[in-house]
Every structure is written in structure tokens, then in C-alpha cells.
Amino acid sequence: MYEFKNDFKTDIEFVDSQHKRLFDIADKIYLLLNDEFSIDKYDKILDLIEELKDYTSFHFSAEEKYMESINYKDLSSQKEEHKLFIKKLDEIDFNDLDNNQDNYIKDILSFVNSWLINHIYEKDKLIPKQNI
């Protein structure tokens, strides 16, 4: 369902590669939501949240270092949005998640979907490609 398409390319090779990985994680979340054979998805949800947190932390760090290296004018705004993304994941109530698993998967998927579309398409595509 989730596929990294040319519309999302920044033409910064490492950024595009990392964004593709974020699309892959979103696809895993989507597949879990639609997995009719898993009744208790709690552990799988935790694993996906952890994978998402770990990978976005890695990606945000790499992306921010690149933006610093080219003196990108919108770096502070990017850092703030990255921080808010991680904060949203950190604020997940795991007790409530256990009781409302499918709703949480839907919320996480909606959040990630919005991020992929809005942040990458509207913000990251503005980062200039520069040989460093």
C-alpha cells in the first residue's frame, strides 16, 4: 500500500533512501492494521513504534547534519518539526494502547501518513541538493 514514488524525491540520494525506508515502515503499520489473523497485536505495535522511533531519530540526525553543512535557512523549523514527531511517539500511552490496539494503529498510521505527505512533500523537497 505504501510506496515511495518519484513525487517524494528530494534528489538528495541519502535522504531519498531514508525516506523510502520510512515508507516501508508505514507499509508495515498498514499491513498490521489489516492483519485479520492477529488478534493481540500489542507486541507487534510496540516493535513498530520502536522501529519508527529509532529510524526517525537516525534519519532526522542525518538530515539535520546535511542541512547544517549547507547552511540551510530553514534548519530551525525542520529541527522543531522533527522534535515534535519524536515527542508524539514518546507520548503514546501503552496501557491505553493495549486496550484499543486497532485504534492506536489507525492513529499511528494517520500520523505517519500525514508526516510522509506533508513534511516530506512540503518541507524536505525544499532542501537544496548540494555537493558537499
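Further up the page is the structure itself.
Residues numbered from 1 in each chain as written. Predicted model: local features only at pLDDT ≥ 70, side-chain atom pairs only at ≥ 80, totals over all residues. Heavy atoms only, no water.

> What is the right way to read the packing of helix 3 (residues 75-90) against helix 5 (residues 101-122) from this model?
Interhelical geometry of helix 3 versus helix 5 gives an angle of 170° and a closest axis separation of 12 Å. Regarding the angle of helix 3 to helix 5, the classification is roughly antiparallel. Contact residues: helix 3 offers Gln78, Glu81, His82, Phe85, Lys88 and Leu89, while helix 5 offers Phe111, Trp115 and His119. Considered class by class, the residues forming the contact of helix 3 with helix 5 number four nonpolar, three polar and two charged. (Axes fitted to C-alpha atoms, helices over the stretch in contact; angles between N-to-C directions. Helix = DSSP H or I, 4+ residues; strand = E, 2+ residues; numbered from the N terminus. Parallel < 35°, antiparallel > 145°, perpendicular 65-115°, else oblique. Contact = heavy atoms within 4.5 Å. Nonpolar A, V, L, I, M, F, W, Y, C, P; charged D, E, K, R; others polar.)

> Looking at this structure, I do not really get the packing of aromatic side chains. What am I missing?
When we look at a pair of aromatic rings, we describe it by the centre distance and by the angle of the planes. Evaluated as defined, the whole model comprises ten aromatic pairs. Both rings, one in Phe60 and one in Phe85, keep their centres 5.6 Å apart while their planes meet at 90°; by these two values the pair is edge-to-face. Residue Phe60 is found in helix 2 (residues 42-69), and its partner Phe85 is found in helix 3; the two are separated by 25 residues along the sequence. Through a chain of ring-to-ring contacts, three or more aromatic side chains come together here, namely Phe4, Phe8, Phe23 and Tyr121. The aromatic ring of Tyr55 is capped on one face by Arg21, whose charged end is 5.6 Å from the ring centroid. Here the basic side chain of Lys88 rests over the ring of Phe111, its NZ or CZ set 5.6 Å away from the ring centre. (Phe/Tyr/Trp six-rings, centres within 6.5 Å; stacked < 30°, edge-to-face > 60°. Lys NZ or Arg CZ within 6 Å of the ring centre and 35° of its normal.)

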